[in-house]
Amino acid sequence: MEQFWNVTLQLLEGFTQNCALFGVTLLAALPLGLIISFGSMSRFIPLKAVCRTFVWIIRGTPLLLQLFVVYYIPPMMTNGSFRFGDRMSAAMIAFIINYAAYFSEIYRGGIESIPKGQYEAGYVLGMTKSQIFFKVVLLQVIKRIIPPMSNEIITLVKDTSLARIILVEEILKFADDFRVQGLIWPVFYTGVFFLLFCGALTLLFRFIERKLDYYKG
Amino acid sequence: MAFLEVNNIKKSFGRTEVLTDISFSLEKGEVLAIIGSSGSGKTTLLRCINFLEAPQKGIISVGGEVLFDGDDPSKKKEKEIRKNRLHFGMVFQQFNLFPQYTVFENLILAPQLMAKEQIKANGEYMGAKTYKEAQEKIKAEADRLLKKVGLTEKKDSYPCDLSGGQQQRVAIARALALNPDVLCFDEPTSALDPELTGEVLNVIKGLKSTDSTMIVVTHEIGFARDVADKIIFMDNGVIEEEGTPQEVIENPKSRRTREFLSRFNQFGD
């Protein structure tokens, strides 16, 4: 029993790293994704091309590879004079970039699904473009993208464990250390942490969906 | 000079010419009905008047003030267009209410934003010096308009809970809330079940007595005959015939007008 608590505490310590990576990624990638989505919908062709190419590259390569690139390429390019202060910062940068690309496509889908008539109604009522976006379109977009967003955010929870590839001290890294010492069950036990976290998120998303259920359309 | 002057409007999409040299005028308080078959350019004309489309050529003026001139780039700036749009109100075929706001909020949203902006810039909005004072005026006006379209009891409902006819009446009230000089209707009853068109047409009829200047694109020939002071029949991007309802509907001169109207008469309209 004492061993169980010991393992639990150790894993929990690792899991705080997963949570930190999750939180920072979400906080930064949500707004960054919106900016990228504006870029990929821009009528200014070079900007649109840059944004769409960015999304293609990020979605077209494994997150694991992107972690390596962010961690190893800067010191290689600068002869070692620049590297990320710690492994966690490198992981955060890679995750933010990766998730911003995915989020941007979800935003784009949501924004493009709003009927043109909503914008036109705003225009003929003398509203500015930004007033129309923030006062009329945004909430409708949010309502529409909650299901795909929740999917992506739940995936993010589990993806955080990939950070161990650059030796971030996250939960699976701790569990693997136990395995090396001959204790296998903590590896499977980590699943419980992820399940509980994702369960809580699912409840949160259901709550938000219900909050936005007061209107249709 | 007439109150609304539309001169030599020309609009094409790519190589397709949709409007060829359209000119007409309207006096204050008059109602103009634009009829014609699908694809004749009626809706495009209305959208040009609301600056939702930019004509390649032509001049639009209200009360002697030139609001659009195809040859004057300064009239095509976004800021200028936004200001000039306020001379016109628009009611769409698909209502286009904002679904996340209640009926009342739909009416007050744009005036509130306008009041905030104008009080900041000029220290005044429709005689109100503070935002709070303006807000009271805006809300009182919204209540008055809802009463006018007979939807006071639906004030706190959401658009999704209203019938199509009710939604369109809200859209009319919303367009009136900014007190436009000319109110435009783009086939306001085409998306409605037949039994719901009456309530919307009655509201529009009611507006006529309050001397609003209106342009109505419509397929309701009977309504056009009863309400309009002036009728334009459009065909292939030109005004084929123009005149009073008696002239255009009872005694059409053009063969195309006669053909168009005979199709309606077949169904007893």
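Here the structure is a predicted model, which means the values were calculated and not measured.

So, how was this worked out
Residues numbered from 1 in each chain as written. Chains lettered and ligands numbered in written order. Predicted model: local features only at pLDDT ≥ 70, side-chain atom pairs only at ≥ 80, totals over all residues. Heavy atoms only, no water. Helix = DSSP H or I, 4+ residues; strand = E, 2+ residues; numbered from the N terminus. Rg over C-alpha atoms; globule rule 2.2 N^0.38 Å. Buried < 20%, exposed > 50% of the residue type's maximum accessible area, 1.4 Å probe, protein only. Contact = heavy atoms within 4.5 Å. Areas by Shrake-Rupley, 256 points an atom, 1.4 Å probe, with all protein chains shown as cover. Lys, Arg positive; Asp, Glu negative; His and termini not counted. Charge placed at Lys NZ, Arg CZ, Asp CG, Glu CD. Axes fitted to C-alpha atoms, helices over the stretch in contact; angles between N-to-C directions. Parallel < 35°, antiparallel > 145°, perpendicular 65-115°, else oblique. Left-handed = near helix turned anticlockwise from the far one by under 90°. Nonpolar A, V, L, I, M, F, W, Y, C, P; charged D, E, K, R; others polar. Pairing = 2+ DSSP bridges. Disulfide = S-S within 2.5 Å. pLDDT = per-residue confidence, 0-100. Phe/Tyr/Trp six-rings, centres within 6.5 Å; stacked < 30°, edge-to-face > 60°. Lys NZ or Arg CZ within 6 Å of the ring centre and 35° of its normal. Salt bridge = Lys/Arg side-chain N within 4 Å of Asp/Glu carboxyl O. Buried area = accessible area lost by both parts, 1.4 Å probe. Polar contact = N/O pair within 3.5 Å; in protein donor to acceptor, adjacent residues only side chain to side chain.

Draft legend 1. Looking closely at the overall build of chain B. A tally of regular secondary structure across chain B gives 9 helices and 10 strands. Computed over the C-alpha atoms, the radius of gyration of chain B is 19 Å, within 12% of the 18 Å expected from 2.2 N^0.38 for a compact globule of 269 residues. In terms of its C-alpha atoms, chain B occupies a principal-axis envelope of roughly 60 × 45 × 35 Å. When burial is assessed residue by residue, chain B has 55% of its 269 residues classed as buried. Nonlocal contacts in chain B, meaning residues at least 24 apart in sequence, comprise 63% of its contacts between residues at least 6 apart. For chain B, the computed accessible surface area is about 11,900 Å², with 46% contributed by carbon and sulfur atoms. When the 36 positive and 40 negative side-chain charges of chain B are each reduced to one mean point, those points stand 4 Å apart.

Draft legend 2. Quick peek at unusual backbone geometry. You will see that B:Asn8, though not glycine, has its phi angle at about 55°, which is positive. Tracing the chain through its elements places B:Asn8 in strand β1 (residues 4–13).

Draft legend 3. How the structure looks around the packing of helix α4 (residues 87–112) of chain A against helix α6 (residues 129–159) of chain A. All names here are of chain A. Where α4 contacts α6, the axes come no closer than 9 Å and their chain directions differ by 140°. Relative to α6, α4 is oriented oblique. When the axes of α4 and α6 are compared, the crossing they make is right-handed. For the pair formed by α4 and α6, the contact residues are Phe95, Tyr99, Tyr102, Phe103, Ile106, Tyr107, Gly110 and Ile111 on the first element and Phe133, Val141, Ile145, Pro148, Met149, Glu152, Ile153, Thr155, Leu156 and Asp159 on the second. When grouped by side-chain class, the residues that make up the contact of α4 with α6 number 14 nonpolar, 2 polar and 2 charged.

Draft legend 4. Representation of the pairing of strand β4 (residues 57–62) of chain B. All names here are of chain B. Where β1 and β4 come together, 5 bridges link them in antiparallel fashion. Within β4, the position partnered with Glu5 by the bridge is Ser61. Where β4 meets strand β5 (residues 65–69), 4 bridges bridge the pair, whose relative direction is antiparallel. Across the sheet, the residue bridging to Val62 is Glu65, located in β5. Between β4 and β5, which pair antiparallel one after the other, the connecting turn spans 2 residues, and Gly63 there sits at a positive phi close to 55°.

Draft legend 5. Inspection of the sheet that holds strand β10 (residues 238–243) of chain B at higher detail. Residues and elements named next belong to chain B. Across the sheet, 6 strands lie side by side as β6-β7-β8-β3-β9-β10; this open sheet has mixed pairing. At either end of the open sheet lies a strand with only one pairing partner, and these are β6 (88–91) and β10. Taking each pair of neighbouring strands and ignoring which way they run, the sheet shows an average axis angle of 20°. With 4 bridges joining them, β6 and strand β7 (residues 182–186) adopt parallel strand pairing. Across the sheet, residue Val91 finds its bridge partner in β7, namely Phe185.

Draft legend 6. Region of interest: the state of the cysteines. Residues and elements named next belong to chain B. Tallied over the entire structure, the rule returns 0 disulfides over all chains. Counting only cysteine sulfurs, Cys184 is the nearest neighbor of Cys48, a cysteine outside any disulfide, at a range of 11 Å. Exposure remark for Cys48: the relative accessible area of 1% places this residue in the buried category. The class for Cys184 is buried, based on a relative accessible area of 0%.

Draft legend 7. Expanded view of the confidence of the model for chain B. Confidence in the prediction of chain B, expressed as mean pLDDT, is 90, and 97% of residues score 70 or more. ipTM for the predicted complex: 0.91, alongside a pTM of 0.87.

Draft legend 8. Summary view of the packing of aromatic side chains. Residues and elements named next belong to chain A. Taken as a whole, this structure holds 21 aromatic pairs over all chains when the rule is applied. Consider the rings of Phe133 and Phe134, whose centres lie 5.2 Å apart with planes at 85°: the pair is edge-to-face. Above the face of the Tyr215 ring, Lys143 is positioned so that its terminal group lies 4.5 Å from the ring centre.

Draft legend 9. Examining the pattern of salt bridges more closely. What the rule picks out here adds up to 22 salt bridges over all chains. A salt bridge links A:Arg108 to A:Glu105, with the nearest nitrogen and oxygen atoms 2.9 Å apart. Separated by 3 residues within a single helix, A:Arg108 and A:Glu105 lie in helix α4, roughly one turn from each other. Comparing A:Arg108 with A:Glu105 shows no difference in burial state: the two are buried. For B:Arg169, the salt bridge goes to B:Glu199, with nearest N and O atoms at 2.3 Å. Here B:Glu199 lies in helix α6 (residues 194–208) and B:Arg169 lies in helix α5 (residues 164–176), a separation of 30 residues in the sequence.

Draft legend 10. Inspection of the interface of chain B and chain A at higher detail. Across the contact, 25 residues belong to chain B and 22 residues belong to chain A. For the pairing of chain B and chain A, the buried interface totals around 2,100 Å² over both sides, and the portion due to carbon and sulfur atoms is 63%. The interface formed by chain B and chain A holds 2 salt bridges in total. Note that B:Glu78 is salt-bridged to A:Lys129, the shortest N-O span being 3.7 Å. Connecting chain B to chain A are 8 residue pairs in polar contact (both at pLDDT 80 or more). Mapped onto the side of chain B that touches chain A, the elements with two or more residues apiece are α2 (78–85), β6 and α3 (103–122) of chain B. Considering every element that reaches the side of chain B that touches chain A, the biggest residue donor is α3(B), with 5 residues.

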